[in-house]
Amino acid sequence: MSGARAVLRLKAGRERSLRRLHPWVFSGAIESSEGSPGAGDTVEVRSAEGEFLAWAAYSPSSQIRARVWSFDEADVPGAELFARRVDAALARRREIAQDASNAMRLVHAESDELPGLIADRYDDTLVVQLLSAGCEKWRDTLLGILRERSGCARVYERSDTEARELEGLRASSGLVFGSASSAPLRIAERGLVYEVDVPGGQKTGFYLDQRDNRARVGELAVDREVLDCFCYTGGFSLSALAGGARSVLSIDSSAQALARARGNLALNSVSAARAEWLEADVFQALRRLKREGRQFDLIVLDPPKFAATSKDAPRAARGYKDINLNALKILRPGGLLATFSCSGGVSLELFQKIVAGAAADAGTPLVLRERYRSAPDHPVRIEFPEGEYLKGLLLERN
Ligand code: SAH
């Protein structure tokens, strides 16, 4: 920040969400801005009455016009505050069993009070996403702190997401610290080995949020014929095979993801004879499996995000309804459906309603056996429910 202090003054009454420690200031809440802040600059957010509310990062091209760095006037954004936040995030992870995996999300953006900052550790490689104008502004400071505090040998940036476009930022990815490793990057998760493609994989390379749910599906898979829809690099498929599934059919539309899934299977002492891989669109494949008379005892539906915000919820609802309905049509009586949504714009309540609608249409009564959420290295703050994007249901067909 240079020159005069920049101030965002809110409209009367629009300070309420900030008083509840929600970290976003929407454009519609702002009465005026003073000091002509630029993208990522630190602004003071003040109420209509002029009271200090928060320090935030200004984002001129986003509907989320400012993201809060701190609610305390004494906590001025800068290296010292960010280092404290990263340390707190790391301390939170120390409580999580380390032996489960050598891969972990170390920083989970707003939920760790660092809006727009994601950092995933895969063995000795840290993969970082800078997804907000504020993070971009402080990129060198943040990358330096993360490198030092994580102790990782290399830091790779994967800031090439849609979220960054909404912030008016260009995609940016590549190695930012250390030298590229000559060996493929491997992680171990609950006894299973996966290779992670950091430069070419989806997101930061792996879906760490499903770690515990993959393990649970592995336990449930014993002696079952399993269908893993949207399998990516084989997370649920390998867990099910290792857990004693009779067979696993895995479907994904990405040939690259399937190639890696096959490779991952070969890395583990699991019989490949019980695995079948299919490159297809799940929406069509479920219909085809029905026509072919195939049936399964355990179906996993882990689709990509259908709705980032509630604006897209109706379209997302149609998508969820379709795959859940068509999955239920090929689920044997007594079979289990593990169905997930990672759409921030679809609440758990709505998701459960959609699945109930699918069950009614399919004529299959369902018992809700378990509910799932993201693994604990993806913490959720009670004041920021948007952080609880992943929800899952385990349903048993009567
Ligand atoms: N279950 C996985 C993560 C799934 S990510 C794990 O545990 O690692 C979602 C996956 O859905 C991606 O691999 C993507 O390639 C795939 N995908 C997206 N749209 C699809 C479609 N219409 N049909 C099949 N696969 C799709």
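Note that this is a predicted model, so its numbers are computed, not measured.

## Looking at the overall build of the chain
Stage number 1. Looking only at helices and strands, one finds 11 helices and 20 strands in the chain.
Stage number 2. Relative to its 398 residues, the chain shows a buried fraction of 55%.
Stage number 3. Residue pairs at least 24 apart in sequence account for 63% of intrachain contacts in the chain once pairs closer than 6 positions are excluded.
Stage number 4. As presented, the chain carries roughly 16900 Å² of accessible surface, and 49% of it is formed by carbon and sulfur atoms.

## Observations concerning the site of the ligand
Stage number 1. Neighbouring the ligand are 16 residues; Arg214, Asp252, Asp281, Val282 and Asp302 lie closest to it.
Stage number 2. Arginine 214 is positioned such that a nitrogen or oxygen atom in its side chain is 2.8 Å from an oxygen atom of the ligand.
Stage number 3. Within the side chain of aspartate 302, one N or O atom sits 2.6 Å away from a nitrogen atom of the ligand.
Stage number 4. When the free accessible area of the ligand is taken as 580 Å², the share hidden by the protein chains comes to 90%.
Stage number 5. Class assignment for the residues of the shell around the ligand results in 9 nonpolar, 3 polar and 4 charged.

## Here's the deal with the environment of alanine 313
Stage number 1. Structurally, alanine 313 is set in helix H10 (residues 313-328).
Stage number 2. By relative accessible area, alanine 313 is classed as buried at 10%.
Stage number 3. For the pair alanine 313 and serine 347, spaced 34 residues apart in the sequence, the C-alpha separation amounts to 9.2 Å.
Stage number 4. Ignoring anything within four residues of it in the chain, the contact list for alanine 313 reads Ala307, Gly345, Val346 and Leu350.

## Some details on the packing of helix H9 (residues 282-291) against H10
Stage number 1. Between H9 and H10, whose axes approach to 9 Å, the crossing angle comes to 25°. Considered as vectors, H9 and H10 are oriented roughly parallel to each other. Of the two possible hands of crossing, H9 and H10 adopt the one that is left-handed. Residues Val282, Phe283, Leu286 and Arg287 of H9 touch H10, and the partners they reach there are Gly319, Asp322, Ile323, Asn326 and Ala327.
Stage number 2. Looking at the contact of H9 with H10 residue by residue, the classes come out as 5 nonpolar, 2 polar and 2 charged.

## Focus on the sheet that holds strand E1 (residues 6-10)
Stage number 1. Reading across from one edge, E2-E6-E5-E4-E1-E3 is the order of the 6 strands in this open sheet, with mixed pairing throughout. Two strands close off the open sheet at either side, each with one partner strand: strand E2 (24-26) and strand E3 (30-34). Averaged over all neighbouring strand pairs, the angle between strand axes comes to 35°, with direction disregarded.
Stage number 2. Two strands pair when backbone bridges link them, and E1 and E3 are joined in this way by 4 bridges, in the antiparallel orientation.

## Side note on the side chain of asparagine 326
Stage number 1. As for its position among the elements, asparagine 326 is in helix H10.
Stage number 2. On the accessibility criterion, asparagine 326 (7% relative accessible area) is buried.
Stage number 3. What asparagine 326 contacts, discounting residues up to four positions off in sequence, is Leu286 and Arg287.

## As for the pattern of salt bridges
Stage number 1. Overall, the coordinates contain 40 salt bridges when judged by the stated rule.
Stage number 2. Measuring nitrogen to oxygen at the nearest pair gives 3.1 Å for the salt bridge that ties arginine 84 to glutamate 80. With arginine 84 and glutamate 80 both in helix H2 (residues 79-94) and 4 residues apart, this pair spans about one turn of that helix.
Stage number 3. The shortest N-O distance in the salt bridge between arginine 139 and glutamate 157 comes to 2.4 Å. With a gap of 18 residues between them, arginine 139 in helix H4 (residues 139-150) and glutamate 157 in strand E10 (residues 154-159) connect regions that are remote in the sequence.
Stage number 4. According to the relative accessible area criterion, arginine 139 is buried, its value standing at 18%.
Stage number 5. What you see here is one network of salt bridges that share partners, running through Arg5, Glu44, Arg46 and Glu73.

Rules of the game
Residues numbered from 1 in each chain as written. Predicted model: local features only at pLDDT ≥ 70, side-chain atom pairs only at ≥ 80, totals over all residues. Heavy atoms only, no water. Helix = DSSP H or I, 4+ residues; strand = E, 2+ residues; numbered from the N terminus. Buried < 20%, exposed > 50% of the residue type's maximum accessible area, 1.4 Å probe, protein only. Contact = heavy atoms within 4.5 Å. Areas by Shrake-Rupley, 256 points an atom, 1.4 Å probe, with all protein chains shown as cover. Near = heavy atom within 4 Å. Polar contact = N/O pair within 3.5 Å; in protein donor to acceptor, adjacent residues only side chain to side chain. Nonpolar A, V, L, I, M, F, W, Y, C, P; charged D, E, K, R; others polar. Axes fitted to C-alpha atoms, helices over the stretch in contact; angles between N-to-C directions. Parallel < 35°, antiparallel > 145°, perpendicular 65-115°, else oblique. Left-handed = near helix turned anticlockwise from the far one by under 90°. Pairing = 2+ DSSP bridges. Salt bridge = Lys/Arg side-chain N within 4 Å of Asp/Glu carboxyl O.

In short, shape yes, function no, at least from these values alone.
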